[in-house]
Protein chains: 2
Amino acid sequence: MSGLKSPVSSLSFEVVAAQGEARAALLTTRRGVIETPVFMPVGTAGTVKGIRFEALESPELDARIILGNTYHLWLRPGIETIKACGGLHKFIGWDRAMLTDSGGFQVWSLGALRKITEEGTEFRSHVDGSLCFLSPEISMEVQAALGAEIAMAFDECAPGEATYDEARRSMELTLRWAKRSREAHELLQKERGSSPTPGEGADADETSALPARQALFGIIQGASHLDLRRESLDRTAEIGFDGYAIGGLSVGEEKHVMMEVIEDIAPRMPADKPRYLMGVGTPEDLIDAVARGVDMFDCVLPTRNGRNGQAFTSRGKLNIKNARYAVDERPLDESCECSVCHRHSRAFLRHLYLSGEMLASILLTHHNLAFFLDTMRRVRQAIRSVQFAKFQREYTEQLKSGLES
Amino acid sequence: MSGLKSPVSSLSFEVVAAQGEARAALLTTRRGVIETPVFMPVGTAGTVKGIRFEALESPELDARIILGNTYHLWLRPGIETIKACGGLHKFIGWDRAMLTDSGGFQVWSLGALRKITEEGTEFRSHVDGSLCFLSPEISMEVQAALGAEIAMAFDECAPGEATYDEARRSMELTLRWAKRSREAHELLQKERGSSPTPGEGADADETSALPARQALFGIIQGASHLDLRRESLDRTAEIGFDGYAIGGLSVGEEKHVMMEVIEDIAPRMPADKPRYLMGVGTPEDLIDAVARGVDMFDCVLPTRNGRNGQAFTSRGKLNIKNARYAVDERPLDESCECSVCHRHSRAFLRHLYLSGEMLASILLTHHNLAFFLDTMRRVRQAIRSVQFAKFQREYTEQLKSGLES
């Protein structure tokens, strides 16, 4: 099952503990060591919305890797600007690891898609309406210029309710694009070998002796059809990538369908490579997926829901707009050690939210990211101390106990 | 000139150095020592917009006192909520000193004023359009409940271009209201003596032996008419306050008119009490006013302009939207030591601003506040080392040299 023609990896991935399918590992990049299972905050346009990098780096959050969106950055400020400013890390001022998606999902989800051809996808920019074209080759070129430690193959995402035929057609296209992505990526890495990408070198954290080569992950598609998913996995692994992602989930399908796919596919993914579940999910989803062998996650929930007044807590979701919090002097989560819960009451946060104050978004985003990142820290500790099953049971019970109990 | 019947002050104010009219002093409150001249960031609705309290408290900014707006907090969340949550400090989670304005200026500036009578002002809430009434007595009651270290007398603000007769009528009303403010405040402080205001006591920084009594500042009006201003000052000082403010400036009059008023009035204000210039101004304005004897300032410029993409720098204002900054890797201000200038380029900040990212406001607000607070720190050092005139000359020259030189 391990990749044929596997390139010399620029990542090292070492499983250090396992319990059932759950595993704790060290993912080492040229910009530091990432302990997995890991949650990656989403930094769409070069910023994790509403939070400063200093907070992401603080011991309280300690995000070791963030995600950047190729689609958004390609459209604005554009690759020439980012290149002129020394690559994405230097442009935004973030020295830790990054992963960039391929842009395929955004073309699909932002809905301005015009046409999919064998060559690539034609769509209208959500920024200025101009006609754009993205292909595996262009995505690889853009991602190489961005210079994240991990790039993603360019894929097509079928909707959750895709029929078998639709899902197969989409999966086959994704496989052809995966091969083209891999080939284009290899060429770019060779070019990079002879002329270093800006932003690498002196600025990089060269604690490891890993090659400067950007890693590339392949993406498994196939909607809710398990045989397609398995075929997608096998044929993607044959192409050979530095890691593998499950794409096309949390896109409209029911939750039990999502979990069936994860349960079937994650344990079959190459055990010696990171397994990344894209765009998922709630804290429960993360823990359920860890139990099935997933190592990496990204999701907009903590940031987006924070901006919309929703806090994630150890006892479930809290809607700060609710009148019951008007004079509630308790923190968002009485079990939370974050700086927001240490300092501010639900009453104050509700007031900020209802007054349209930016600080509401800032504080709820901070708490939610602290909660997600702390949950993953506890997940890692539980796996390392062979307490994961107990942790999962207790965590889930507490979530279900509710805020008002 | 010093106040008759002056109450036992809850503040101590000690001038420690002077050069010309400029003076450096220590203003001691029950929540810490404030070195003056001081700039107070504006925290309208219980938050200095776009910045966390942790940043305001950091050594980089070290804001010792912030302003809260009585009008805004009274309308939302309302005094009952703030009382139920233990007073304003406890409600918002800020342990350092605060000053609340009286609400008079907001009634005027937010423009929903219905009617001014001898009794007070009737207006429509900017939150829900309901009919509201504010008077000296109500303002004092609200400010006592908020529990800031410094409250302001309830005044009426005449427009900058007010005629002599209009300005006199307004000034006379403000004087009658000042007397009523003082009387209502005294009564409330006596009540407070017998039953401590929530939020005081255990939570307060009781490093000083000052009484728990809230301080009250009087406000000098009279528009641009110097004889009215002098009369307003004399008669306000006769009533006797813990400090004195110049109100009704930066409300539409020309800058030279504002400076004439400050130049004439500030040096005549009681020398043994803090002198506060309300709602002013740019860094140059602050320094010009310090040179004329002013100790305290508040202004929305660093926060509001930050949100609108304008940075204050040692070489003048910088509009981050400008295309010339598209690939400019320099910080906002090459002389600035703040964490934003340390980390982020103009190119990145411009990208954030054009992308509508909240982080643009967060970072520009932080830089602008750092710049204002650092300017005041340098002003204090200059006065203490008898270098103020030199400092003022050099600071102004650098401002005028421009960003592109």
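Novice: Please clarify how the overall build of chain A should be interpreted in this entry.
Specialist: A count of helices and strands for chain A gives 15 helices and 16 strands. Dimensions along the principal axes, computed over C-alpha positions, put chain A at roughly 60 × 45 × 45 Å. Split into buried and exposed, the 405 residues of chain A put 62% on the buried side. Summarising the internal contacts of chain A: among those between residues at least 6 apart in sequence, 71% fall at separations of at least 24. For chain A, the computed accessible surface area is about 14800 Å², with 50% contributed by carbon and sulfur atoms. Distance from the positive charge centre (48 side chains) to the negative charge centre (56 side chains) of chain A: 2 Å.

Novice: Could you clarify how one ought to interpret the relation of the copies chain A and chain B in this entry?
Specialist: Note on the identical chains: chain A maps onto chain B by a rotation of 180° and an axial translation of 0.0 Å, with an RMSD of 0.0 Å. With respect to symmetry, the two chain copies, as superposed, fit the operation of a two-fold axis. Looking at the rotation axis and the C-alpha trace of chain A, the residue lying nearest is Met358(A), at 4.0 Å. The fraction of interface residues of chain A whose copies in chain B are also interface residues reaches 100%, indicating that both copies meet through the same surface.

Novice: Please explain unusual backbone geometry as it appears in this structure.
Specialist: Note: most residues except glycine have negative phi, and most peptide bonds are trans. Residues and elements named next belong to chain A. Cis geometry marks the peptide bond from Thr-36 to Pro-37; its omega dihedral reads 0°. Topologically, Pro-37 is positioned in the loop between strand S3 (32-36) and strand S4 (38-43). The omega angle of the peptide bond from Val-280 to Gly-281 is 5°, so this bond is cis rather than trans. Looking at the element boundaries, Gly-281 is found in the loop between strand S13 (275-277) and helix H10 (283-290). A positive phi is found at Asp-62, a non-glycine position, where the angle reads about 50°. One can find Asp-62 in the loop between helix H1 (53-57) and strand S5 (65-68).

Novice: In this structure, what is going on with helix H13 (residues 346-354) of chain B? I would like to understand it.
Specialist: In an α-helix, one full turn covers 3.6 residues, which means residues spaced three or four apart are oriented alike. With 7 of 9 residues buried, H13(B) is to be regarded as a mostly interior element. Those residues of H13(B) not exposed but buried are Arg346(B), Ala347(B), Phe348(B), Leu349(B), Arg350(B), His351(B) and Leu352(B). On its buried face, H13(B) is in contact with H1, helix H2 (70-75) and helix H4 (88-92) of chain A together with strand S16 (316-319), helix H12 (339-343) and helix H14 (358-384) of chain B.

Novice: Quick question: what am I supposed to make of the sheet that holds S3(A) here?
Specialist: Think of a sheet as strands paired side by side through backbone hydrogen bonds, with each pair either parallel or antiparallel. Residues and elements named next belong to chain A. Spatially, 3 strands are ordered S1-S2-S3 in an open sheet, and the strand pairing comes out antiparallel. The two strands at the open ends of the sheet, each matched to only one other strand, are strand S1 (12-19) and S3. In this sheet, neighbouring strand axes are inclined to one another by 15° on average, regardless of whether the strands run parallel or antiparallel. Relative to strand S2 (residues 22-29), S1 runs antiparallel, the two sharing 7 bridges. From the neighbouring strand, Glu-14 faces S2, where its bridge partner is Leu-26.

Novice: Looking at this structure, how should I read the state of the cysteines?
Specialist: Among covalent bonds in proteins, the disulfide is the one between the sulfur atoms of two cysteines. Residues and elements named next belong to chain B. Scanning all chains against the criterion turns up 0 disulfides over all chains. Just so you know, Cys-132 is unpaired, no disulfide at all, and the nearest cysteine sulfur is the one on Cys-157, 20 Å from it. Exposure remark for Cys-132: the relative accessible area of 11% places this residue in the buried category.

Novice: Whenever I open this one, the packing of helix H14 (residues 358-384) of chain A against helix H15 (residues 388-401) of chain A confuses me. Can you help?
Specialist: When two helices pack together, their arrangement is given by the angle between the helix axes and by the axis-to-axis distance. Residue and element names in this part refer to chain A. Remark: H14 packs on H15, axes separated minimally by 8 Å, with the N-to-C direction vectors making an angle of 145°. Judged by residue contacts, Phe-371, Thr-375, Arg-378, Val-379, Ala-382 and Ile-383 of H14 engage Phe-388, Phe-391 and Tyr-395 from H15. A per-class count over the contact of H14 with H15 returns 7 nonpolar, 1 polar and 1 charged.

Novice: Where do I start with the interface of chain A and chain B in this structure?
Specialist: Size of an interface, as often reported, equals the accessible area lost when the parts are brought together. Listed as interface residues are 43 residues of chain A and, on the opposing side, 43 residues of chain B. Each partner contributes to the roughly 3600 Å² buried at the junction of chain A and chain B, and carbon and sulfur atoms together form 55% of this total. Between chain A and chain B we count 8 salt bridges in total. Scanning the region where chain A abuts chain B turns up 20 residue pairs in polar contact (both at pLDDT 80 or more). If you list the elements that add at least two residues to the side of chain A that touches chain B, you get H1, helix H3 (79-84), H4, helix H12 (339-343), helix H13 (346-354) and H14 of chain A. Among the elements that line the side of chain A that touches chain B, the one with the most residues is H14(A), at 6 residues. When the residues that make up the side of chain A that touches chain B are grouped by side-chain class, the tally is 21 nonpolar, 12 polar and 10 charged.

Novice: How should the pattern of salt bridges be read in this particular structure?
Specialist: It is possible for side chains bearing opposite charge to pair when their charged atoms get close. Tallied over the full model, the rule gives 62 salt bridges over all chains. Its salt-bridge partner being Arg343(B), residue Glu57(A) comes within 2.3 Å of it at the nearest N-O pair. You can see Glu57(A) sitting in helix H1 and its partner Arg343(B) sitting in helix H12, one on each of two chains. Of the charged contacts, one joins Asp328(A) and Arg346(A) as a salt bridge, the two residues approaching to 3.1 Å between their closest N and O atoms. With Asp328(A) in the loop between strand S16 (316-319) and H12 and Arg346(A) in helix H13, this residue pair connects regions lying 18 residues apart in the sequence. Each member of the pair, Asp328(A) as well as Arg346(A), carries the same accessibility label: buried. Residues participating in the shared-partner salt-bridge network are Arg52(A), Glu54(A), Glu57(A) and Arg343(B).

Novice: What exactly am I supposed to notice about the nonpolar core here?
Specialist: Within soluble globular proteins, side chains that are nonpolar generally end up buried alongside one another. Leu56(A), Phe388(A) and Leu56(B) are the most contacted members of the largest nonpolar core, which has 192 residues in total. Once residues lying within four places of it in the same chain are set aside, the contact partners of Leu56(A) are Pro41(A), Val48(A), Ile51(A), Leu61(A), Asp62(A), Ala63(A), Ile66(A), Trp94(A), Arg96(A) and Leu369(A).

Novice: Even after reading the chapter, I still don't get the packing of aromatic side chains, so can you show me in this structure?
Specialist: When we look at a pair of aromatic rings, we describe it by the centre distance and by the angle of the planes. All names here are of chain B. Applying the stated criterion across every chain, the model contains 24 aromatic pairs over all chains. Considering the side-chain rings of Tyr-71 and Phe-123, the 5.5 Å spacing of their centres and the 40° angle between planes classify their relative orientation as tilted. Here the residue Tyr-71 occupies a position in helix H2 (residues 70-75), and Phe-123 occupies one in strand S8 (residues 121-124), the gap between them amounting to 52 residues. Here Tyr-71 and Phe-123 have matching classes, each one buried.

Novice: Sorry if this is basic, but what is going on with the environment of Val386(B) here?
Specialist: Along the chain, the position of Val386(B) falls in the loop between H14 and helix H15 (388-401). With 93 residues separating them along the chain, Val386(B) and Gly293(B) place their C-alpha atoms 15 Å apart.

Conventions and cut-offs
Residues numbered from 1 in each chain as written. Chains lettered and ligands numbered in written order. Predicted model: local features only at pLDDT ≥ 70, side-chain atom pairs only at ≥ 80, totals over all residues. Heavy atoms only, no water. Helix = DSSP H or I, 4+ residues; strand = E, 2+ residues; numbered from the N terminus. Buried < 20%, exposed > 50% of the residue type's maximum accessible area, 1.4 Å probe, protein only. Contact = heavy atoms within 4.5 Å. Areas by Shrake-Rupley, 256 points an atom, 1.4 Å probe, with all protein chains shown as cover. Lys, Arg positive; Asp, Glu negative; His and termini not counted. Charge placed at Lys NZ, Arg CZ, Asp CG, Glu CD. Least-squares fit on C-alpha atoms with pLDDT ≥ 70 in both. Pairing = 2+ DSSP bridges. Axes fitted to C-alpha atoms, helices over the stretch in contact; angles between N-to-C directions. Disulfide = S-S within 2.5 Å. Nonpolar A, V, L, I, M, F, W, Y, C, P; charged D, E, K, R; others polar. Buried area = accessible area lost by both parts, 1.4 Å probe. Salt bridge = Lys/Arg side-chain N within 4 Å of Asp/Glu carboxyl O. Polar contact = N/O pair within 3.5 Å; in protein donor to acceptor, adjacent residues only side chain to side chain. Core = buried A, V, L, I, M, F, W, Y, C linked by side-chain atoms within 4.5 Å. Phe/Tyr/Trp six-rings, centres within 6.5 Å; stacked < 30°, edge-to-face > 60°.

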